[in-house]
Amino acid sequence: MSKRSANGRRPVFVMTNIRGGGEYGPGWHRAALREKRHRAYEDFAAIAEDLVTRGVTKRERLAATGRSNGGLLMGNMITGYPQLFGAISCGVPLLDMRRYTQLAAGHSWIAEYGDPEIPEDWEFVRTFSPLHRLTDQPHPIEDYPASLIWTTTTDDRVGPSQARKMAAKMMDLGISNVRYHEPETGGHAGSTDNDSTARMLATSYEFLWRQVR
């Protein structure tokens, strides 16, 4: 049961099942592969817009979080739909889709996203590469939400370099209220035991809560 916060507003949690996931079977997953990947991001943005339209929340009070492939989703929300969110937590993320096949386990995901080394594939892969969207499709600086970009030094699945580059590029572009967090341990899961899981989740949720409360 949710409880009212000190200011009287009741927090609302929304779990999104967007195309590209496995929640509704193989067809649902295939609906957002490769050149159709944009559908996943359009679905998530549509849910955000609907929450505001129906009066569930306001843009400045809407926060979103995702990790790994969900971090790629969050990166695309930051760069493609920044005006929809008040805050975003983007964890252990894929963000540089130009080089993702050369980093850690990235080569194993070519069937999912496409091969950026093939020019025909790069044409569509670039459209959902957050690191490139920052400059390919810039938004007014004031549109970007408060953003926490985080990873771990020991992430051996995605690797920390993508999160590092994204945070640095956002800061270089003058986007305000960007925070970067990188503990040394935790791997791709972001934690190794109950204590580190609690710290990881507390860091992410507390950042979001402070921005939108």
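Residues numbered from 1 in each chain as written. Predicted model: local features only at pLDDT ≥ 70, side-chain atom pairs only at ≥ 80, totals over all residues. Heavy atoms only, no water.

**Quick look at the sheet that holds strand S2 (residues 87–91)**
Within a beta sheet, neighbouring strands are joined by backbone hydrogen bonds and run either parallel or antiparallel to one another. Spatially, four strands are ordered S1-S2-S3-S4 in an open sheet, and the strand pairing comes out parallel. Either end of the sheet is taken by a strand with one partner, and the two such strands are strand S1 (63–67) and strand S4 (178–181). Within this sheet the neighbouring strands show an average axis-to-axis angle of 10 degrees, counted without direction. Relative to S4, strand S3 (residues 146–150) runs parallel, the two being bridged by four bridges. The partner of tryptophan 150 across the bridge, within S4, is histidine 181. Across the sheet, helix H7 (residues 161–172) lies against S3 and S4, angled at about 155 degrees from S4, the strand it touches most. (Pairing = 2+ DSSP bridges. Helix = DSSP H or I, 4+ residues; strand = E, 2+ residues; numbered from the N terminus. Axes fitted to C-alpha atoms, helices over the stretch in contact; angles between N-to-C directions. Contact = heavy atoms within 4.5 Å.)

**Some points on helix H3 (residues 69–80)**
Across its twelve residues, H3 extends 16 Å between first and last C-alpha, which sits within 8% of the 16 Å expected from 1.5 Å per residue. By the criterion of burial, H3 is predominantly enclosed, with eleven of the twelve residues buried. Residues Gly70, Gly71, Leu72, Leu73, Met74, Gly75, Asn76, Met77, Ile78, Thr79 and Gly80 constitute the buried set of H3. (Expected span 1.5 Å × (residues − 1). Buried < 20%, exposed > 50% of the residue type's maximum accessible area, 1.4 Å probe, protein only.)

**Looking at a nonpolar patch on the surface**
Taken together, the side chains of Val12, Val14 and Val56 define a hydrophobic patch exposed on the protein surface, amounting to about 220 Å² of accessible area. Along the chain, the position of valine 56 falls in the loop between helix H2 (38–53) and S1. (Patch = residues over 30% accessible without salt bridge, like charges linked within 9 Å, V, L, I, M, F, W, Y side chains within 5 Å. Areas by Shrake-Rupley, 256 points an atom, 1.4 Å probe, with all protein chains shown as cover. Salt bridge = Lys/Arg side-chain N within 4 Å of Asp/Glu carboxyl O.)

**Considering the packing of aromatic side chains**
On inspection of all chains with the given rule, the structure shows five aromatic pairs. Pairing tyrosine 24 with tryptophan 28 gives two aromatic rings, centres 5.1 Å apart and planes at 85 degrees, and the pair type is edge-to-face. A relative accessible area of 25% places tryptophan 28 in the partly exposed class. In this structure an aromatic cluster arises from ring pairing among Tyr41, Tyr100, Tyr113 and Phe128. (Phe/Tyr/Trp six-rings, centres within 6.5 Å; stacked < 30°, edge-to-face > 60°.)

**Observations concerning unusual backbone geometry**
For alanine 104, which is not glycine, the phi torsion reads 45 degrees and is therefore positive. Following the sequence through the fold, alanine 104 ends up in the loop between S2 and helix H4 (110–113). With relative accessibility at 49%, the residue alanine 104 sits in the partly exposed group. Residues other than glycine seldom take positive phi values, yet asparagine 177 does so here, at roughly 60 degrees. Residue placement: asparagine 177 occurs in the loop between H7 and S4.

**Side note on the side chain of serine 196**
Residue placement: serine 196 occurs in helix H8 (residues 194–212). Of the polar contacts made by the side chain of serine 196, one reaches the backbone nitrogen of threonine 192; its length is 2.7 Å. The residues contacting serine 196, other than those within four sequence positions of it, are Gly190 and Ser191. (Polar contact = N/O pair within 3.5 Å; in protein donor to acceptor, adjacent residues only side chain to side chain.)

**Some thoughts on the pattern of salt bridges**
A side chain with one charge may pair with a side chain of the opposite charge, provided their charged atoms come close. For the coordinates displayed, the defined rule picks out nine salt bridges. Its salt-bridge partner being aspartate 121, residue arginine 34 comes within 3.2 Å of it at the nearest N-O pair. You can see arginine 34 sitting in the loop between helix H1 (26–30) and H2 and its partner aspartate 121 sitting in helix H5 (residues 119–125), a full 87 residues away along the chain. Look at arginine 34 and you get partly exposed, because its relative accessible area is 28%. Look at aspartate 121 and you get buried, because its relative accessible area is 8%. For aspartate 96, the salt bridge identified is with lysine 165, shortest N-O distance 2.5 Å. Residue aspartate 96 is found in the loop between S2 and H4, and its partner lysine 165 is found in helix H7; the two are separated by 69 residues along the sequence. Note on aspartate 96: relative accessible area 3%, which makes it buried. Assessed through its relative accessible area of 29%, lysine 165 is described here as partly exposed. Three or more residues joined by partner-sharing salt bridges are found here, namely Arg34, Glu35 and Asp121.

**So, the confidence of the model for the protein**
Per-residue pLDDT for the protein averages 93, and the proportion of residues at 70 or more is 96%. Below a pLDDT of 50 lies the segment residues 1–6, which in the model reaches eight contacts outside its immediate sequence neighbourhood of four places, other chains included. (pLDDT = per-residue confidence, 0-100.)

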